[in-house]
Structures are given as C-alpha cells and as structure tokens.
Amino acid sequence: MSEAALEEVSVLSSIYCGEGELKVRQQDAQDGLMVQINSSVGGERRLDVSLLFHLHPPYPLCPPAISVSSSSLSRTQCQDIRQKLLGQAAALPPEPMVHRLVERLQECVEVTEMCEEVNEEEEEEEWTAVLSLDHIRSRTRYVGQLQRWSLQLQLTGRLLLGRCILVILLGAKPSIKEFCRLLKTVKVDVDSSGRKCKERMMKVLIESPSSPSAGHGLQGFVVKSYESLPELSAAFQELNMMEIYQQILPSLSG
C-alpha cells in the first residue's frame, strides 16, 4: 500500500477521533486499506451514516471504492449517495481525498432527500437469490468478506458448506446484483497455488421476488455446514424456501 494512504489514515485518525468515528477494517500490503468512518449529518433530523473506503494499493492514483450504509436511510438513498460520492471522487485530482469526500456527504444527503421519488412498495420489495460458489480454501478470509459485503449492502444471508457451496441472499435486488459483482471482481480466496484469486466460477442459480414467508428468522450472515442432501433440504425448509430448493435441485444433482 502507498505511504500516502498510510499518512492519510494517520491524519484521519486525529480528525475523526471520537468514540467509534473511525475504524481501520483492513490493512494489507496486497489489498490495501479499508477505513470506516461513521458520521452524523443532516439538519434538524440528524442521520447516522457509515462510509467504508477501500484504498487499493495504487491509491491515490486511483479513487477509493466506497460503500454507504445507514439505518436512517433507505437502500435506494444509500446507493444514490454512493454513486454521487464515486462521481466526485473520480473528478478529484489524484491525491488523498477521503476527508474531502466525507465533508461532501452532507451535500449528497441533502440532494438525495430532496430529489428521491421512490415507489415505497417497490423499494421495500424483497428479493431472494441463491448463488453457487466453486471453492472456499481460505475460509476465514472468504467468509469475513462475505459477511462485510452483506452488512454494507443491507442483505441477510446464509452460507451453506457441503458438497455444493451455496449462498442464500435476501434483500433489495440492486444490492444482490452488487454482491454478485463484488464476488467476481474482488480477490476473495486463494487458488491451489496459494495465490489470491477472484470467484470467477460463481453462478446465480435463481433470483426472484421473495415470497412473504421466505427467509423467516434469517438474520445477519450465517454459516452452516451440511453433509447430505436431506440436511441441505432441511436448511431450506427451515427458511421456508422449499419451493426454491426444488427449483435449484437439478443444478445440485449434476
């Protein structure tokens, strides 16, 4: 990672020095730095917003990846703010920019709140997706990344480990799409030679609107192992997803 990124994080630590304001989520020579900044913005109604900046090794020659999450804003609002910040980051000169982007968060929130015209029924509609993964060799690294993405994208999920490795996701359709994109573009595992690799063999087995009872009791991102198809069936039964299980079963038997 660059010296500029390390120096910037040191400066940020002195600026955002309140309890829980700044957390370094990752510091890796190959993957770079991941810094989370929790901010409170807005006028009379204060909104808590969490920004996660991924400073890749070339940073600041390339802008940071940004994730936005908030219990006070809708998924659509968070995605809109994220796109605005990414656009501003791309327009800034190649120099440390995290503090400037945090300062612009207030403006982005105000614009988003004024301009958003979301159909509430569509916004709240839950989608379900089941993904198939090729392998998980570095379990701690891989699972930790999946858990971070599900949290950032406000998804609930379950990782089922057995003969077939499956990921069940529930949440907004755009968030599920972003989760899949990250899986194929970020190095989440290691190959047989121990080199970091992407999940290029991931397949989406099914993606559809959730039934009212689907995912009942599913919270966070849970890891569960199974040893047989009956145990796998029971895992779907527990989530009231037997209809989905029957649809994907042919893909699992191949």
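Note that the structure is a prediction, hence the values are computed from the model and not measured. (Residues numbered from 1 in each chain as written. Predicted model: local features only at pLDDT ≥ 70, side-chain atom pairs only at ≥ 80, totals over all residues. Heavy atoms only, no water.)

Asker: Any chance you could explain unusual backbone geometry here in plain terms?
Answerer: Most peptide bonds take the trans form, and the phi angle of most residues other than glycine is negative. Cis geometry marks the peptide bond from Tyr59 to Pro60; its omega dihedral reads 10°. Although it is not a glycine, Gln154 adopts a positive phi angle of roughly 55°. Overall, Gln154 belongs to the partly exposed group, its relative accessible area being 24%. Phi is positive for Asn240, which is not a glycine, with a value near 55°. Here Asn240 lies in the loop between helix 8 (229–238) and helix 9 (242–252). Among the residues examined, Asn240 registers a relative accessible area of 34% and is labelled partly exposed. (Buried < 20%, exposed > 50% of the residue type's maximum accessible area, 1.4 Å probe, protein only. Helix = DSSP H or I, 4+ residues; strand = E, 2+ residues; numbered from the N terminus.)

Asker: In this structure, what is going on with empty space enclosed by the protein? I would like to understand it.
Answerer: Over the atoms a probe the size of a water molecule is rolled, and this reveals where empty space is left. All told, the structure shown has two cavities of 30 Å³ or more when counted by the stated rule. Estimates place the volume of the largest cavity at around 50 Å³. Ser67, Val68, Gln79, Arg82, Gln152, Leu153 and Glu178 are the residues that line the largest cavity. Among the elements of the structure, strand 4 (65–69) and helix 2 (75–91) are those that each provide at least two residues to the lining of the largest cavity. For the lining of the largest cavity, the class distribution of residues is two nonpolar, three polar and two charged. Approximately 40 Å³ is the volume attributed to the second largest cavity. Val68, Arg75, Cys78, Gln79, Gln152, Leu153, Gln154 and Ser175 are the residues that line the second largest cavity. (1 Å grid on protein atoms, 1.4 Å probe; cavity = no way out; pocket = protein on both sides within 12 Å on 5 of 7 lines; lining within 4 Å. Points joined across faces, edges and corners; volume = space filled by probe spheres on them. Nonpolar A, V, L, I, M, F, W, Y, C, P; charged D, E, K, R; others polar.)

Asker: Explain the sheet that holds strand 11 (residues 221–225) to me, please; I cannot follow it from the model alone.
Answerer: Strand pairing in a sheet relies on backbone hydrogen bonds. The paired strands run either parallel or antiparallel. Across the sheet, which stays open at both edges, the five strands sit in the order 10-5-7-6-11 with mixed pairing between neighbours. Looking at the sheet topology across the chains shown, the edges are occupied by strand 10 (203–209) and strand 11. Averaged over all neighbouring strand pairs, the angle between strand axes comes to 15°, with direction disregarded. Direction of pairing for strand 6 (residues 156–161) relative to strand 11: parallel, over a ladder of five bridges. When the bridges of strand 11 are listed, Leu160 appears paired with Lys224. In the packing of helix 6 (residues 139–152) onto the sheet, the strands contacted are strand 5 (127–133), strand 6 and strand 11, and the crossing angle to strand 11 comes to about 145°. Helix 8 rests against strand 5, strand 6, strand 7 (165–171) and strand 11 of the sheet, and its axis sits at about 170° to strand 6. (Pairing = 2+ DSSP bridges. Axes fitted to C-alpha atoms, helices over the stretch in contact; angles between N-to-C directions. Contact = heavy atoms within 4.5 Å.)

Asker: What's the story with the sheet that holds strand 1 (residues 22–28) in this structure? I'm lost.
Answerer: Spatially, four strands are ordered 1-2-3-4 in an open sheet, and the strand pairing comes out antiparallel. Only two strands of the sheet have a single neighbouring strand rather than two, namely strand 1 and strand 4. When the angles between neighbouring strand axes are averaged without regard to direction, this sheet yields 15°. For strand 1 and strand 2 (residues 32–41), the ladder comprises six bridges, and the chain directions are antiparallel. Across the sheet, the residue bridging to Val24 is Val35, located in strand 2. Set on the sheet, helix 2 makes contact with strand 3 (47–55) and strand 4; between it and strand 4 the angle comes to about 155°.

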